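# Architecture at a glance
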Amino acid sequence: MSDAVLTVEQLDAGYGTRVIQHDLNFSIQRGEVFVIMGGSGCGKSTVLRHLIGLQAPLGGRVLFHGEDFWAQDEARRAELLQHFGVLYQNSALWGSMTLRENICLPLETYRPNLGRAELDELAALKLNLVGLGGCDELYPAELSGGMRKRAALARALSLDPQVLFFDEPSAGLDPISSKALDELILQLRDSLGSSIVLVTHELPSIFAVADTCLFLDGQTGTQIALGAPRELLANGPQEVQRFLGRNGTFLKAEDA
Ligand SMILES: Nc1ncnc2c1ncn2[C@@H]1O[C@H](COP(=O)(O)OP(=O)(O)OP(=O)(O)O)[C@@H](O)[C@H]1O
């Protein structure tokens, strides 16, 4: 457990005085795909917001390489955030900009020493990484839903993040695009060595990509399981087994 990129200690997550999830404890290792799962409304996105620095914990700590994120001043927090890449549910690309311009934007902000040619080259490289080589001058509206996700991913990769966060990456995608996105996630993990944190309740994705799963329980408002998905399916608490086994047959088909 020595290679933890993110560590969460006794985290209480929520809004104002309303705690949604309490006493969360887990670590995310370098190069690991970590899935946050649980029933609808249990607080998955809320926990994610605390991990990506959008919201201060109501209690406990979030450590990045052992450094307490929220104990830092704003300038240091902004530096640390450069190590995070975030892909939001709606992809959130700028519609009036080409893909190249979308990807260059964070680079122009945080890497002011780069010249035009280097910026364009980096944008092309990131687009290549996500299978959109040659699409530099297209606008988001010219892309399919799956391509838009990939483009948003290329932008999330622009600053070479150590941790990539995805909130429901498969939302709105057909099963084939969704499977292709899972494959891309694994490819990126292998080629870049980044840690990947996913919020999803898509069983095929969970079994295809997750090294470790955290199960958040809506009723008790805390984590009730942490482990590899197949292990949790076999030996986890009943609710977690039910959640992971709800689709009965596909696991056998995938494993065959
Ligand atoms: N900005 C906010 N301010 C106050 N409460 C919020 C806010 N966003 C979400 N909530 C509340 O937090 C609870 C958990 O919501 P959250 O979106 O984190 O759950 P989730 O597990 O991600 O849900 P889903 O699977 O449906 O996307 C809900 O009761 C929701 O109403």
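Refer to the preceding data block for the structure.
This write-up is about the structure you can find in this document.

Here is what the cut-offs are and how they apply
- Residues numbered from 1 in each chain as written.
- Predicted model: local features only at pLDDT ≥ 70, side-chain atom pairs only at ≥ 80, totals over all residues.
- Heavy atoms only, no water.
- Near = heavy atom within 4 Å.
- Polar contact = N/O pair within 3.5 Å; in protein donor to acceptor, adjacent residues only side chain to side chain.
- Areas by Shrake-Rupley, 256 points an atom, 1.4 Å probe, with all protein chains shown as cover.
- Helix = DSSP H or I, 4+ residues; strand = E, 2+ residues; numbered from the N terminus.
- Nonpolar A, V, L, I, M, F, W, Y, C, P; charged D, E, K, R; others polar.
- Pairing = 2+ DSSP bridges.
- Contact = heavy atoms within 4.5 Å.
- Axes fitted to C-alpha atoms, helices over the stretch in contact; angles between N-to-C directions.
- Parallel < 35°, antiparallel > 145°, perpendicular 65-115°, else oblique.
- Left-handed = near helix turned anticlockwise from the far one by under 90°.
- Buried < 20%, exposed > 50% of the residue type's maximum accessible area, 1.4 Å probe, protein only.
- Expected span 1.5 Å × (residues − 1).
- Arc of directions from axis to C-beta.
- Salt bridge = Lys/Arg side-chain N within 4 Å of Asp/Glu carboxyl O.

### Looking at the site of the ligand
- Around the ligand, a shell composed of Tyr15, Arg18, Ile20, Gly39, Ser40, Gly41, Cys42, Gly43, Lys44, Ser45 and Thr46 is seen.
- In the model, a nitrogen atom of the ligand is placed 3.1 Å from a nitrogen or oxygen of the Tyr15 side chain.
- Gly43 has a polar backbone atom sitting 3.0 Å from an oxygen atom of the ligand.
- Relative to its unbound accessible surface of 640 Å², the ligand loses 59% to contact with the protein.
- Only β2 (18-29) and α1 (44-51) provide two or more residues apiece to the shell around the ligand.
- No other element matches the 3 residues that α1 contributes to the shell around the ligand.
- Its residues assigned to classes, the shell around the ligand shows 3 nonpolar, 6 polar and 2 charged.

### Some points on the sheet that holds β2
- Strand order in the open sheet formed by 4 strands is β2-β1-β4-β5, with antiparallel pairing between adjacent strands. Strands at the two margins of the open sheet, each flanked by one partner only, are β2 and β5 (67-68).
- Where strand β1 (residues 4-15) meets strand β4 (residues 59-64), 5 bridges bridge the pair, whose relative direction is antiparallel. Across the sheet, Asp12 pairs through a bridge with Gly59, a residue of β4.
- This element, α1, spans β1, β2 and β4 of the sheet and lies at about 125° to β1.

### Re the packing of helix α3 (residues 99-110) against helix α5 (residues 145-156)
- Running from N to C, α3 and α5 cross one another at 30°; their axes reach a closest spacing of 8 Å. Classed by the angle they form, the pair α3 and α5 counts as roughly parallel. With respect to the hand of their crossing, α3 and α5 are arranged in right-handed fashion. Taken together, the residues of α5 that come into contact with α3 (itself represented by Leu99, Asn102, Ile103 and Pro106) are Ala151, Ala154 and Arg155.
- Residue classes in the contact of α3 with α5 are distributed as 5 nonpolar, 1 polar and 1 charged.

### Considerations on the side chain of Ser195
- Structurally, the position occupied by Ser195 is in strand β8 (residues 195-199).
- Given the relative accessible area of 1%, Ser195 is considered buried.
- In terms of polar contacts, Ser195 uses its side chain to reach the backbone carbonyl oxygen of Gln29, at 2.9 Å.
- One polar contact links the side chain of Ser195 to the main-chain amide nitrogen of Gly31, over a distance of 3.2 Å.
- Sequence-distant contacts of Ser195, that is, excluding residues within four places in its chain, are made with Val5, Ile28, Gln29, Arg30, Gly31, Glu32, Gln162, Val163 and Leu164.

### Observations regarding helix α4 (residues 116-129)
- The first and last C-alpha atoms of α4 sit 20 Å apart over 14 residues, in line with the 20 Å expected at 1.5 Å per residue.
- Residues Leu119, Ala123, Lys126 and Leu127 constitute the buried set of α4. Within α4, the buried residues cover an arc of 100° as seen down the axis, which keeps them to one side. Exposed side chains of α4 directed beyond 90 degrees from the buried face belong to Ala117, Glu121 and Asn128.
- Contacts from the buried residues of α4 go to α3 and α5.
- Just beyond α4, the residue with positive phi is Gly131, at close to 80°.

### Observations concerning the side chain of Asp68
- Summarising the element assignment, Asp68 is placed in strand β5.
- Asp68 sits in the buried class, given a relative accessible area of 17%.
- When sequence neighbours within four positions are dropped, the list of residues in contact with Asp68 reads Arg61, Val62 and Leu63.

### A closer look at the pattern of salt bridges
- With the rule as written, the count across this model stands at 12 salt bridges.
- Arg116 is the partner of Glu108 in a salt bridge, and the nearest nitrogen-oxygen pair spans 3.1 Å.
- In this structure, the salt-bridge partner of Arg189 is Asp211, at a minimum N-O distance of 2.9 Å. Taken together, the residues Arg189 in helix α6 (residues 175-192) and Asp211 in the loop between α7 (203-209) and β9 (212-217) connect sequence positions 22 residues apart.
- Since its relative accessible area comes to 34%, Asp211 is described here as partly exposed.
- Connected via shared salt-bridge partners are Arg100, Glu108, Arg116, Asp120 and Glu137.

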